[in-house]
Amino acid sequence: IEAQAIDYQSLLQANVELEQEMLDTYQKVADQKQGCIVIDKRTVDKAVSELDRSKDALCKIQIEYNKIAERDLTFIGVEFIPFYREEYRDIANAKLDEAKNKLKVASTKLRNAFLHDFIAELKENIEKAKEEIDVINRELKNIPFGIDFYQFKMDERLDRKIFFDICNNLESFIKDPDFFNPQKVSQEKFNADVQRFLDDILQQGSDEMEYSDYRNYFVYDMSIRRKTGEEMNLSQKQGSASGGEKQTPYFIILAASLMQFYPKDKNCARLAFIDEAFSALSKERIEQMVRFLEENHFQVFYAAPPEKIDSIGSHIDNTVALYSDGKYTIAEE
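How each quantity is defined
Residues numbered from 1 in each chain as written. Predicted model: local features only at pLDDT ≥ 70, side-chain atom pairs only at ≥ 80, totals over all residues. Heavy atoms only, no water. Helix = DSSP H or I, 4+ residues; strand = E, 2+ residues; numbered from the N terminus. Buried < 20%, exposed > 50% of the residue type's maximum accessible area, 1.4 Å probe, protein only. Contact = heavy atoms within 4.5 Å. Areas by Shrake-Rupley, 256 points an atom, 1.4 Å probe, with all protein chains shown as cover. Pairing = 2+ DSSP bridges. Axes fitted to C-alpha atoms, helices over the stretch in contact; angles between N-to-C directions. Salt bridge = Lys/Arg side-chain N within 4 Å of Asp/Glu carboxyl O. Right-handed = clockwise from strand over helix to strand, strands pointing away. Patch = residues over 30% accessible without salt bridge, like charges linked within 9 Å, V, L, I, M, F, W, Y side chains within 5 Å. Expected span 1.5 Å × (residues − 1). Arc of directions from axis to C-beta. pLDDT = per-residue confidence, 0-100.

1. Structural notes on the overall build of the protein chain
What the protein chain contains, in helices and strands, is 11 helices and 7 strands. Going through the 333 residues of the protein chain one by one, you find that 28% of them count as buried. Counting contacts in the protein chain only where the partners sit at least 6 residues apart, residues at least 24 apart contribute 62% of the total. Split by element, the accessible area of the protein chain, about 23100 Å² in all, is 53% carbon and sulfur.

Structure (C-alpha cells):
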C-alpha cells in the first residue's frame, strides 16, 4: 500500500492539472453508487493501459494540428492540454465573432432593403395621395354647395405613429450610408423603430394588405364649413343632417374618386354614370354639383326623374326622355 501511495503521489506531481478533474470524476461515480468504490490492481492496470492509449491518440491529434497550424511539433503530451484548450477557445471565439459579423451585415442589408423597397415606396404613395387630395381641396375651397364648403381630411392613425416617425427620419438615413452604426447613439431610436415596425409586419401573417396599403395608415373624414363660420366633421353630423346634406358629400366623394381614376394629365374620355342623380338635393346644390363635374371635364350620363331635369338640363348638351307605352319604352332626344 505504501508503494502504491508513492506511485499515486508521483502521478499527481507529474499531472497536477488533472488532479481536480480526477477527484471530481471519482466523486461523481461515488455519488451514483451511493458509497465507496473499491478498485483492485487489475482495474487500475486496465485503466492505466486505456490512459496510455488515450495519450498516444492525443499526441497524434496534437501533431496533426501542429502541422496544419505550422506550429512547433514538440508541443505534444498531456501537459499541453491546458494550452490546446485555450487554443480551442480562441478559435471558437474567432468563429463566433465572424458569424456575428456576418449576421450583422446581413441584418443591415435586410433593413436597408426594407427601408428602400417597402417604406420608401409606401411613403411615395402617401405623398402622391396627399397631393391629389390637396388638388381636390383647393378646388372645393372656393365652391359652396348650398351654404356649405367641403374639405377632405386625411389624418395619421395614432397606432401607426412608429411608421410616420421612420418616414420623418428617412431622408437622413438615405444621406447617411452608415446610419445603422450602433456607435451612433443619436440614431439608436431610429434603428429600434425600424426593427419594431418590421417585427410588427412579420407578425401580421397572411394579411399583408394591412401594412402594404397606404390607405390603412390614415383616418378619413370630411370637414364641413358653413358660410356663418361654423365648422364640424361629416362623421359628427351624420345623425342630424338633412337629405341634401347627407347626399352632397356622397357626390363630392364620388367626384373625387373619379378625379383620382381619371388624372388630369392623362388623355382619356373621363366618362361617369350617375343613376338616380341628385334625388335628395335642392336645385341650388344640383347646379353647383353639375358645374363642379363639368369644370373638372367629366362626361357624365345622368339618370334622373322628370322633376330634376330643369336643374340638370341647363348644364348638359343632350337630354334623352324615356316614355312608357304599354310593354315598350320609347326614347326621344
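2. Looking at the sheet that holds strand 3 (residues 231-233)
Each strand in a sheet pairs with another by means of backbone hydrogen bonds, the pair being arranged parallel or else antiparallel. Spatially, the 3 strands line up as an open sheet ordered 1-2-3, and their pairing is antiparallel. Each of the sheet's edge strands pairs with one partner strand only, and the pair in question is strand 1 (148-156) and strand 3. Ignoring strand direction, the axes of neighbouring strands in this sheet form an average angle of 25°. When strand 2 (residues 218-226) meets strand 3, the two strands line up antiparallel, connected through 3 bridges. Note that in strand 3 the partner of Arg225 across the bridge is Glu231.

3. Overview of the pattern of salt bridges
Under the defined criterion, the tally for this structure stands at 8 salt bridges. For Asp159, the salt bridge goes to Arg157, with nearest N and O atoms at 2.6 Å. Lys161 is paired through a salt bridge with Asp165; the nearest N and O atoms lie 2.8 Å apart. A residue pair is termed a helical-turn pair when its members lie 3 or 4 positions apart in one helix, as Lys161 and Asp165 do in helix 5 (residues 161-175) at 4 residues. Lys161 sits in the exposed class, given a relative accessible area of 51%. The buried category is assigned to Asp165, whose relative accessible area is 18%.

4. Looking at the pairing of strand 5 (residues 299-302)
In this structure, strand 4 (residues 271-274) lies alongside strand 5, joined through 4 bridges in parallel fashion. Residue pairing across strands places Ala272 opposite Val300, the latter belonging to strand 5. Between strand 4 and its parallel partner strand 5, the chain crosses via helix 10 (residues 283-295), and the hand of that crossover is right-handed.

5. Focus: a nonpolar patch on the surface
On the surface, Tyr8, Met22, Leu23 and Tyr26 cluster together into a nonpolar patch covering about 340 Å² of accessible area. It is helix 2 (residues 16-33) that provides the largest number of residues to the nonpolar patch, a total of 3 residues. Tracing the backbone shows Met22 in helix 2.

6. A look at the pairing of strand 2
Sheet topology note: the strand 1/strand 2 ladder contains 9 bridges and is antiparallel. When the sheet's bridge partners are listed, Glu156 is paired in strand 2 with Phe218. What sits between strand 2 and strand 3 in their antiparallel hairpin is a turn of 4 residues, with Gly229 showing a positive phi close to 105°.

7. Some details on helix 6 (residues 188-204)
With 17 residues, helix 6 ought to run about 24 Å at 1.5 Å a step, and its terminal C-alpha atoms sit 25 Å apart, in line with that. Among all positions of helix 6, only Phe190, Asn191, Asp193, Val194, Phe197, Leu198 and Ile201 are buried. The arc enclosing the buried residues of helix 6, seen along the axis, measures out at 165°, which places them on a common side. Exposed positions of helix 6 whose direction lies more than 90 degrees from the buried face are Lys189, Arg196, Leu202 and Gln203.

8. Quick look at the confidence of the model for the protein chain
Per-residue confidence for the protein chain averages 78 on the pLDDT scale, and 83% of its residues sit at or above 70. At the level of individual helices and strands, the protein chain shows its lowest average pLDDT in helix 1 (residues 2-14), which scores 73, and its highest in strand 1, which scores 90. Note on residues 179-185: pLDDT is under 50 here. Beyond four places in sequence and across chains, it has 15 contacts.

9. Re the environment of Ser279
Note on placement: Ser279 falls in the loop between strand 4 and helix 10. Sequence separation between Ser279 and Lys308 is 29 residues, and the spatial gap between their C-alpha atoms is 7.6 Å. The residues contacting Ser279, other than those within four sequence positions of it, are Gln247 and Lys308.

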